[in-house]
Amino acid sequence: MTTQDQGFLTQGGLSESPSDVDAAYLVVDHLSVRFPTYNGLVQAVTDLSYTVRRGQTLGIVGESGSGKSVSSMAVLGLHNPKSTRLEGSIKVGGKEVVGADDSQMRKMRGNDVAMIFQDALTALHPFYSVGHQISEAYRIHHSVSKSVAKKRAIEMLDRVGIPQARSRVDDYPHQFSGGMRQRAMIAMALVNDPTLLIADEPTTALDVTVQAQILDLLQDLQREFNSAIIIITHDLGVIAEMADDVLVMYAGRAVETGPTKLILTHPEMPYTWGLLSSVPDVTADTEARLIPIPGNPPSLLTPPTGCPFHPRCVHKDKVPGDLCVTTLPELAAAQVGVQHRRRCHLPDPESVYQTEVLPEIAPDLIDPATGEPIAALQEIDMAVLEAVAADNRPGVVSERQLRESGDDQVRPDQPATFSKENEDRHP
Amino acid sequence: MLGFLVRRLASAFLVLVLVSMAVFALFFLGPGNPARPLCDLNGRCTPEKLELLTEQMGLNDSVVHQYGIWAKGLVHDRQIDFGPTYDCQAPCLGISYSTREQVTTELKQKFPATLSLAIGGALTYLVVGVILGSIAAKFRGTSTDRGLVTFSLLVSSVPFYVVALLAWIFLSLTWKIFPDTSYHPITEGVGPWAWGLMLPWLVIGLTNSTVYARFTRGQMVETLSEDYVRTATAKGVRRNKVLFKHSLRASVVPIVTLFGLDFAFLLGGTVFTEYIFDIDGIGNWGIRAIRAPQDFPVITATVLIGAFFIVIANIVVDLMYSVLDPRVRVS
């Protein structure tokens, strides 16, 4: 335990190695995206920082309007500069994106960074053949003849598993099925072997069998090219399958971040609990009801004061005073696990989760006699915690970024790794 | 595809039959005797003379019977009797009262002038309008955009004949930039043909281009916010290419629809233009026919030719859809 504590401190608080940030391919630093409208300023993304390294998959989760897509579209500079206020910094492979001119952006778009858009039917041009659209993407960044580019398009379609790619290459998007369109979209995004791939809900419109195939495909391609992947989704199943790390967003801010295994097993932010409770459990009783998050996502025109989640938070009575309403919690080190951070005032979220939330969302995992998690779960949990503790990868939010936010204080009363106290709970 | 074409042609034919019936009925059910203008054309029209003409022309027969004879003339040669007897070869649309020429012969003479006017004018407004509209869409919200939209509203708020008259008075008569505005058949050389029609083309083109500019702008602003246009930007396509390839390509279908119908309308006779610039085309011919003494066979012919082009244009536009939009292409 002691060595691990030191390991964390060495890595985080004391001497942050510069390679930590340098190794990250994408560094988003204190990014704010705001849209002036007639009704006021829409604060779509506020003070968002994260990093993604090559070979890493970061999952960004959150409800519609939480800023997931807006923040990743900013990486490609897809917001109209006239109607968007961008602040902060986005560095792709060391190059600054915010404020870059169109010709610099053009070289990067589709080449270093490619995006898979959500709905392939509307994201593909209805009047151009699939092959034309893929080879166009290739020819922008490679000076090759049309026939060479078309060969490349066929090769890509073949690779994403389109049967008879040679004859389907001249088809129009409407002649493809939903799954094939999504594959074609992926083929188009991958045609230039991008270093960073942003997949915005790539499987939302697809049935589950096709969904699994698409996710496998992305993983294969990541292995092949050591690409960085950002997967934007509200499907925690996809996150569990794909992501190494998770960034949970709410009202344009990061509210919880950490290794996927930890976020799914030891979430410490009531909003993340809400997301987990909303997942249907196939093994559960058919009479069991899903537990939705009460209320609606907040208005981004007039975000709530204090913690943005407080109007919907059912646990805010456990926080002394009106801290939730008045003060924005910092993205502080969580109780359990290295590199796990959350924005919450709850003094002991871990015990609230174990004693109140878990029994409600997964009653079959709780021993009715003792009120403790069943033995099998405890075993799995220990394995997860050990695996996470042994993992010394840098966090999603770099230590430098946290220092600059003033979010870096490791509270003396709450050690930032799983502590004696936690060990007591998981003997 | 063939079935579609046959169905469309059949319904087009039906529309033309109905139009011809309507026009025919209007003249015969309207006030006054259709023989009257003809009677007026030959010196003093006495009641006896009028009665004789009415009898000769078969106007005492039922309208249905007369329509039958008229319609039969479209496929068979027939003879027309108004005092002297005239041979009218199929397709026979009658004999002009004023010139005593076959209407179809006159139509063939007048049509090339109207066709020339329509082609040049329509191409001018299509090209100018689409370019201005695209530019306005590209710079939407800026002063360039507002300037173009305001200018376009100003131009389209002035009646066409005022613009045409002013252009003729100043550009042709006073400043002599286009001294000769008249129709020379293209067979006499492309130069004189184009130069003689240049001013009418510019007048038709520039005044109508405002409609196309605003329409194109609207379409482009809409397609520019489409997901697939964003995809093109995300691929790294240049801004101008995003605009003039991806966005314009998606806007082209409704523009072609509008253009097809407008062009057909022009072919039916560019009335004001021909009148002001004194070009002997379908429009001028029709106007002369309407003025007393009315030339009924000519009026019928001009109405029918107008309807014919509108109906054909509709079919052509529908066929164009399947060329332009792969989603409606019938395999």
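Residues numbered from 1 in each chain as written. Chains lettered and ligands numbered in written order. Predicted model: local features only at pLDDT ≥ 70, side-chain atom pairs only at ≥ 80, totals over all residues.

The interface is formed by 19 residues belonging to chain B together with 24 residues belonging to chain A. Those elements giving two or more residues to the side of chain B that touches chain A turn out to be helix H9 (227-235) and helix H10 (239-267) of chain B. Residue classes in the side of chain B that touches chain A are distributed as 5 nonpolar, 5 polar and 9 charged. (Contact = placed C-beta atoms within 7 Å. Helix = DSSP H or I, 4+ residues; strand = E, 2+ residues; numbered from the N terminus. Nonpolar A, V, L, I, M, F, W, Y, C, P; charged D, E, K, R; others polar.)

Glancing now at the domain arrangement of chain B. Residue and element names in this part refer to chain B. Here the domain parsing of chain B yields domain 1 (2-103) and domain 2 (106-328). Computed from C-alpha coordinates alone, the two centres of domain 1 and domain 2 are separated by 34 Å. Listed as interface residues are 22 residues of domain 1 and, on the opposing side, 19 residues of domain 2. Contributions of two or more residues to the side of domain 1 that touches domain 2 are made by helix H1 (2-29) and helix H2 (36-41). A total of 9 residues in the side of domain 1 that touches domain 2 trace back to one element, the largest contributor, which is H1. (Domains from an automatic or database assignment.)

Buried residues dominate helix H3 (residues 68-75) of chain A, accounting for 8 of its 8 residues. Phi turns positive one or two residues past the end of H3(A), at Gly77(A), with a value near 65°. (Buried ≥ 20, exposed ≤ 12 C-beta atoms within 10 Å, placed from the backbone.)

Turning our eyes to something else, we now look at the nonpolar core. One broad trend across soluble globular proteins is that nonpolar side chains are buried collectively. Formed by 164 residues in total, the largest nonpolar core has its most connected members in Leu26(A), Leu157(A), Ala184(A), Met185(A) and Ala187(A). The biggest single contributor to this core is helix H5 (residues 103-138) of chain B, with 12 residues. Setting aside anything within four residues of it in sequence, one finds Leu26(A) in contact with Thr51(A), Val52(A), Val75(A), Val92(A), Leu196(A) and Ala228(A). (Core = buried A, V, L, I, M, F, W, Y, C linked by C-beta atoms within 7 Å.)

Turning our attention to the sheet that holds strand S4 (residues 85-92) of chain A. Residue and element names in this part refer to chain A. Spatially, S2-S1-S4-S5 is the arrangement adopted by the 4 strands of the open sheet, whose pairing is antiparallel. Edge positions in the open sheet fall to strand S2 (40-53) and strand S5 (95-96), since each of these has one partner strand only. Summarising the sheet, strand S1 (residues 24-37) and S2 pair through 10 bridges and their orientation is antiparallel. Residue pairing in the sheet places Arg34 in a bridge with Gln43 of S2. Contacting S1, S2 and S4, H3 crosses the sheet at an angle of about 115° to S1. (Pairing = 2+ DSSP bridges. Axes fitted to C-alpha atoms, helices over the stretch in contact; angles between N-to-C directions.)

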